[in-house]
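Fold and contact review
The lines below spell out each chain.
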Amino acid sequence: MTINAQNRLLPDWFSRVRTRQTVLPRFQRFEAWGHANVTQMFNTILRRLPLGAVLILEIGNDEPFISRPIVGAPAEGERITEHLLDGQQRLTALWRGLHNNYEDRTYFLYLTEDEETGMPYYVDSIGRWKKSGDKAYRPFWANDPQQLWNRRMIPLDLCAPGDAANDRYKLWAKEAIKDADERE
């Protein structure tokens, strides 16, 4: 048996999760982090502090354990090549926060000073909900790029790695600053 340490960039992790090459063995506990833990993790990343190691088990042709995808990730994909043994909470929080697939919460990058750390930006979240008959999540201002930009907030899913998020960001930014001269 060989133990091998490797660095893997976030886009590579996301690619493996999206294509279902990396999954969780079923014996792993379910998602346990609350929104405060997720927020702290994103702010740790912004401060360029270490986030911890991740342990994977590379598998051959046959999975040694029954598995399941990371919460919010596709259930279908390529051949499973590894089980995530440690780091599930962190990878799940990264995946869900950067894909905006928490049902009751949306994470934002605030472009204002964090009073606690003095950083010029920070991540936080707001609760989201729908009333019967609503088509969009409340509060409604959180769906409006112009109102978000006025509050110096960017939806965190627009900061995800990859071309799709970059394309969504460009459209969002164009909408956010539309008619800016008229508002000033």
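Above this note sits the structure.
The residue numbering used here restarts from 1 in each chain and proceeds along that chain's sequence as written. For a predicted model such as this one, the threshold for reporting local features is a pLDDT of at least 70, and the threshold for listing and counting side-chain atom pairs is 80 or more; totals across whole chains, interfaces and linings nevertheless cover every residue. Side-chain metrics rest on all non-hydrogen atoms present in the structure, leaving aside hydrogens and water.

1. What to know about the overall build of the chain
Scanning the chain from N- to C-terminus turns up 6 helices and 7 strands. By its C-alpha atoms, the chain is 65 × 40 × 30 Å across when sized along the principal axes. Only protein chains enter the area calculation, which uses a 1.4 Å probe; residues under 20% of their type maximum are buried, those over 50% are exposed, and those in between are partly exposed. Relative to its 184 residues, the chain shows a buried fraction of 39%. When the accessible area of the chain is evaluated, it comes to approximately 11500 Å², of which 50% is carbon and sulfur surface. Note that His is not counted, nor are the chain ends; the positive residues are Lys and Arg, and the negative ones are Asp and Glu. By convention, the point assigned to a charge is CZ for Arg, NZ for Lys, CD for Glu and CG for Asp. Separation between the mean location of the 25 positive side-chain charges and that of the 26 negative ones in the chain comes to 3 Å. Runs of H or I in DSSP of at least four residues are treated as helices and runs of E of at least two as strands, each being numbered from the N terminus. Every accessible area reported is derived by Shrake-Rupley at a probe size of 1.4 Å, with residue values counting cover from the shown protein chains alone.

2. Here we look at the pattern of salt bridges
Salt bridge criterion: a side-chain nitrogen from Lys or Arg within 4 Å of a carboxyl oxygen from Asp or Glu. In total, this model carries 7 salt bridges according to the counting rule given. A salt bridge links E82 to R16; the nearest nitrogen and oxygen atoms lie 3.0 Å apart. Of this pair, E82 sits in strand β4 (residues 82-86) while R16 sits in helix α1 (residues 10-18), and the two are 66 residues apart along the sequence. For E82, a relative accessible area of 2% corresponds to the buried category. Between R96 and E31 there is a salt bridge, with the nearest N and O atoms lying 2.7 Å from each other. Taken as a pair, R96 in helix α3 (residues 88-99) and E31 in the loop between β1 (22-25) and α2 (35-46) lie far apart in primary sequence, 65 residues in all. A single salt-bridge network, built from bridges that share partners, covers R8, R16 and E82.

3. Remarks on the nonpolar core
To form a nonpolar core, buried Ala, Val, Leu, Ile, Met, Phe, Trp, Tyr and Cys residues must be joined to one another through side-chain atoms within 4.5 Å. Core analysis: the largest hydrophobic core is formed by 22 residues, its most contacted members being F42, I70, L98 and L156. Secondary-structure elements contributing two or more residues to this core are α1, α2, α3 and β5 (105-110). For this core, the leading source of residues is α3, giving 5 residues. Residues contacting L156, with those up to four places away along its chain left out, are F42, G97, L98, Y107, F108, L109 and V123. F108, A142, M153 and I154 belong to the second-largest nonpolar core, a separate cluster that totals 12 residues. Pairs of residues are marked as contacts when any of their non-hydrogen atoms sit within 4.5 Å.

4. Side note on the pairing of β5
If a strand is regular, its side chains alternate between the two faces of the sheet. Burial analysis of β5 places 6 of its 6 residues in the buried class, which makes it a mostly covered element. Here β5 shows two buried faces, one formed by R105, Y107 and L109 and the other by T106, F108 and Y110. Strands are treated as partners if at least two bridges between them are detected by DSSP. Pairing of β5 with strand β6 (residues 122-127) involves 6 bridges; the strand directions are antiparallel. In the strand pairing of β6, R105 is matched with G127. Pairing between β5 and strand β7 (residues 153-155): 3 bridges, direction antiparallel. Residue pairing in the sheet places Y110 in a bridge with M153 of β7.

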